[in-house]
Amino acid sequence: PELLWFMANALEKSGDYDDALETYLKLKADDWRDTASYRAAMVCLQRREDGDFKMAATKLDGYVRMKGEVASCEEVGWLMISLVRSAQTDKATKWIENVTSKCDRNAIYLYARACIHAYKSNRSEAMNLLKEAISVNSNLKSEAEKEQCFRTFKKDDLFKSLIEN
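Residues numbered from 1 in each chain as written. Predicted model: local features only at pLDDT ≥ 70, side-chain atom pairs only at ≥ 80, totals over all residues. Heavy atoms only, no water.

## What about the state of the cysteines?
The condition that has to hold: Cysteine sulfur pairs qualify as disulfides if the two atoms are within 2.5 Å. Counting from the N terminus, the helices are the DSSP runs of H or I reaching at least four residues and the strands are the DSSP runs of E reaching at least two. Only protein chains enter the accessibility calculation, which uses a 1.4 Å probe; a residue whose area is less than 20% of its type maximum is buried, one above 50% is exposed, and one in between is partly exposed.
If you walk through the whole model with that rule in mind, you get 1 disulfide. At a sulfur-sulfur separation of 2.0 Å, the disulfide partner of Cys73 is Cys103. Between Cys73 and Cys103 the disulfide shows an S-S torsion of about -85 degrees. By sign, it is left-handed. Placement of the pair is Cys73 in helix H5 (residues 73–85) and Cys103 in the loop between helix H6 (89–98) and helix H7 (107–119), with a sequence separation of 30 residues. Residue classification places Cys73 among the buried residues on the basis of a relative accessible area of 11%. Given a relative accessible area of 2%, Cys103 falls into the buried group.

## Remarks on the layout of surface pockets
The gaps left among the atoms become clear once a water-sized probe is rolled over them. Note the threshold: Only protein atoms enter the 1 Å grid used here. Points where a 1.4 Å probe fits but cannot escape make up a cavity, open sets with protein on both sides within 12 Å along at least five of seven lines make up a pocket, and a residue lines them when an atom lies within 4 Å of a point. Grid points are joined across faces, edges and corners, and a volume is the space filled by probe spheres set on the points. We call Asp, Glu, Lys and Arg charged. Ala, Val, Leu, Ile, Met, Phe, Trp, Tyr, Cys and Pro are nonpolar, and the rest, Gly among them, are polar.
Of the pockets and cavities examined, the largest pocket occupies roughly 220 Å³. Forming the walls of the largest pocket are 14 residues, and the residues nearest its centre are Gly68, Glu69, Ala71, Val76 and Asn98. Of all the elements in the fold, those that place two or more residues in the lining of the largest pocket are helix H4 (50–67), H5 and H6. Grouping the amino acids of the lining of the largest pocket by side-chain chemistry returns 7 nonpolar, 4 polar and 3 charged.

## Section: the environment of Ala40
We count it as follows: Residues are treated as being in contact if the distance between any of their heavy atoms lies within 4.5 Å.
By the element assignment, Ala40 lies in helix H3 (residues 30–47). Separated by 97 residues in the primary sequence, Ala40 and Asn137 have C-alpha atoms spaced 23 Å apart. Not counting chain neighbours up to four residues away, the residues in contact with Ala40 comprise Leu21, Tyr24, Leu25 and Lys59.

## Description of unusual backbone geometry
Residue Ala87 is not a glycine yet carries a positive backbone phi of 60 degrees. Position of Ala87 among the secondary structure elements: in the loop between H5 and H6. For Ser121, which is not a glycine, the phi torsion comes out positive at approximately 60 degrees. Note on placement: Ser121 falls in the loop between H7 and helix H8 (123–136). Since its relative accessible area comes to 65%, Ser121 is described here as exposed.

So, in C-alpha cells, the structure goes:
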C-alpha cells in the first residue's frame, strides 16, 4: 500500500489527475483507505469535471463524518465546496450550522460560505466572505475566477478588483 500511496501522490503532484485518481481508488487497506479517499476527492476537485464533483462530495462527506469533531476547517470547507459544485447547496448550507467559530478565519471555509451565498443570490454577503477568504489566502483569486458559483459576478467591478493579480 505504501508504494501505491507514493505513486498516487507523485501522479497528483505532476498533474496526472486521471492516473492519480485511479491509483488512490485502488488503496483499500484499512490503514490507507480514509486518507486515500480524501486525496481522491481532492483530485476530483482539481480535475473540475462535472461528474467528479459528486464523487468528491460523497468521498469528503464520508471522510469528514468519520473524523467527526476532529475534522479540520479546511476539510469541512472542501466538503462544502464540493457539495456546492455538485448542485447540493442545501446540504452545504447545513454544514455551516455544524461548524464552530474556530473556522471563522479559515480561508477555505470562508470561500465555501461565499459560494453558498453566491448561489443564494446574496451578493453582498458573498462578496464580503470572498474578500475575507482572499485576504487570508490570495491563491483563492484564481480559484474564484474559475468558480461556477461566482459566474454571475464576472462583470462586477468589485469581483474583478478582488480577483485581479
